[in-house]
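Architecture at a glance
One letter stands for each residue in the lines below.
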Amino acid sequence: MKARKPIYVARPTLPPLEALLPHLETIWDSRILTNMGEFHQQLEQQIEAYLDAGPVTLTSSGTVALVMALKALEITGEVITTPFSFAATAHAIDWVGCTPVFVDIEANGFNLNPACIERAITDKTRAILAVHCFGVPCNTVEIQRIADKHGLKVIYDAAHAFGVRSSPNVIRHGDCTVFSFHATKLFSTIEGGAVVCHSAATNDCLALLRNFGIVDESTIACAGTNAKLNEICAAIGVLQLAALDQNMARMKAVHMAYQTHLKGVPGLTTLTYPEGVEPNYSYFPILLGPDFRCARDTLHHELKRQNIHSRRYFSPLLSEASPYCDRPACTPFGMPNARRVADNVICLPMYPDLSMEDIVDICSIIKDN
Ligand SMILES: Cc1ncc(COP(=O)(O)O)c(C=O)c1O
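Residues numbered from 1 in each chain as written. Predicted model: local features only at pLDDT ≥ 70, side-chain atom pairs only at ≥ 80, totals over all residues. Heavy atoms only, no water.

**Side note on the site of the ligand**
Close to the ligand lie 14 residues, the nearest being Gly62, Thr63, Asp157, His160 and Ser180. Contacts to the ligand include Ser180, whose side-chain N or O atom sits 2.7 Å from an oxygen atom. Lys185 has a polar side-chain atom sitting 3.0 Å from an oxygen atom of the ligand. When the ligand sits alone it has 380 Å² of accessible area, and the protein chains cover 91% of it. Elements represented by at least two residues in the shell around the ligand include exactly α3 (62-72) and α4 (87-95). (Near = heavy atom within 4 Å. Polar contact = N/O pair within 3.5 Å; in protein donor to acceptor, adjacent residues only side chain to side chain. Areas by Shrake-Rupley, 256 points an atom, 1.4 Å probe, with all protein chains shown as cover. Helix = DSSP H or I, 4+ residues; strand = E, 2+ residues; numbered from the N terminus.)

Structure below.
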């Protein structure tokens, strides 16, 4: 076995250091390091233009953006959500004192199943928090129909979906859409996030929540938090945004190479995108069925032994994690689709400069050539 440098599931993209240095000089000269300075304002405007989906509130993480969206929409009671997501989705609901109610995902996909949402609505339900998992848009039309029928708010966790294009624009759906700009995301500010919202009143509230609820020197309007993105992260974001299309094109090439090399492998299903969606190609989940040559965990360990660090995203299901598994109100229904996917999924390494040679190696380990 040849010695190999570790290949991780993600490898952060960074702008060239020489492009960042002039921005750092500006920050050093001005001594404006945070509190919605020049780079923060620039990035907020540029993201607004890029998304073309309404006003943007930048934040210091995707998690705090989720918490702020729930707060700004004054959500109480129960929030229906998916068990097949990153911990932050459910934790945000818990942090605002609400109960996450997990329901199953679709039979052929990774997103919430609208029929399961409707079945779980009680007189305590106030909102739906759906995730565009792996950047595949949810069934937004059906989710909105259910929300309208039952008077619920809709929040989309679009942590995986920055740069995804669809017609109509997926980011325009729901009451708020939340992004993560964490270092492992294709567009990153190292740590960071954003809320996109169409209501002027909610946007005013989000701006206050981000900055301790402070209106001016003598007025504190609400119990806000500190969710400000600092100037260095914002300056990195400005440079990353300029490189996003190029990075996305490289991700597409990686995606296509995986598709080519994994074509026809018995028992293995790869991610395909629905028609009308221009993906961001951020993730490459594979699902291993009963016809695959080995169990999922066996393959995961084989890859790891060869220094390839895939991830069992998302396993365990959030409904099985300690904060929620012993709370019957969180898990009123079975979730067979989520269970099957969590037991059989592996996300393969995915980043713009993953080499073709590494992709071929990863695929031949999967095929056991
Ligand atoms: C689906 C999902 N939601 C929320 C988050 C939280 O974002 P952040 O790490 O920026 O707080 C992440 C990942 O990081 C995520 O994958």
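**Considering the pattern of salt bridges**
Using the criterion set out here, one finds 13 salt bridges in the structure. A salt bridge links Arg210 to Glu44, with the shortest nitrogen-to-oxygen separation between them at 2.9 Å. In this pair, Arg210 is assigned in helix α7 (residues 200-210) and Glu44 in helix α2 (residues 38-51), connecting sequence segments 166 residues apart. When its relative accessible area of 15% is taken as the criterion, Glu44 is described as buried. Via salt bridges that share partners, Glu118, Glu142, Arg145 and Lys149 belong to a single interconnected network. (Salt bridge = Lys/Arg side-chain N within 4 Å of Asp/Glu carboxyl O. Buried < 20%, exposed > 50% of the residue type's maximum accessible area, 1.4 Å probe, protein only.)

**So, the pairing of strand β14 (residues 284-288)**
Along β14, five of the five residues are buried, which leaves the element largely enclosed by surrounding structure. Side-chain alternation along β14 places Phe284, Ile286 and Leu288 on one buried face and Pro285 and Leu287 on a second face that is also buried. Bridge analysis of β14 against strand β16 (residues 345-348) gives four bridges, and the strand direction is antiparallel. Bridge pairing in β16 links Pro285 to Cys347. (Pairing = 2+ DSSP bridges.)

**Thoughts on the domain arrangement of the protein**
The domains assigned to the protein are domain 1 (17-239) and domain 2 (244-367). The distance between the C-alpha centroids of domain 1 and domain 2 comes to 24 Å. Counting from both sides, the interface comprises 39 residues of domain 1 and, opposite them, 41 residues of domain 2. A combined buried area of about 3200 Å² lies between domain 1 and domain 2, and 69% of that area is made up of carbon and sulfur atoms. Ranking the residues of domain 1 by area buried against domain 2 places Phe102, Phe134 and Leu186 at the top, with a combined share of 23%. (Domains from an automatic or database assignment. Contact = heavy atoms within 4.5 Å. Buried area = accessible area lost by both parts, 1.4 Å probe.)

**As for the sheet that holds β14**
The strand order across the open sheet built from three strands is β12-β14-β16, with neighbouring strands paired in antiparallel fashion. In this open sheet, the two strands that pair with only one neighbour each are β12 (268-270) and β16. Across the sheet, the mean angle separating the axes of adjacent strands is 30° when strand polarity is ignored. The sheet contacts of helix α9 (residues 296-305) involve β14 and β16, and relative to β16 the element is tilted by about 25°. (Axes fitted to C-alpha atoms, helices over the stretch in contact; angles between N-to-C directions.)

**Observations concerning the environment of Arg312**
Tracing the backbone shows Arg312 in the loop between β15 (308-309) and α10 (322-325). Here Arg312 falls in the partly exposed class, since its relative accessible area comes to 28%. C-alpha of Arg312 to C-alpha of Ile346: the two residues are 34 residues apart in sequence and 4.7 Å apart in space. Each residue touching Arg312, except ones within four places of it in the same chain, is listed here: Arg296, Asp297, His300, His301 and Val345. Side-chain polar atoms of Arg312 contact the side chain of His300, separated by 3.5 Å.

**Description of unusual backbone geometry**
Residues Ser167 and Pro168 are joined by a peptide bond in cis, for which omega reads 0°. Residue placement: Pro168 occurs in the loop between β7 (165-166) and β8 (176-180). Positive phi outside glycine occurs at Met36, with the angle close to 55°. One can find Met36 in the loop between α1 (17-30) and α2. In this structure Met36 comes out as partly exposed when scored by relative accessible area, which is 21%. Positive phi is not limited to glycine here, since Asp52 has a value of about 50°.

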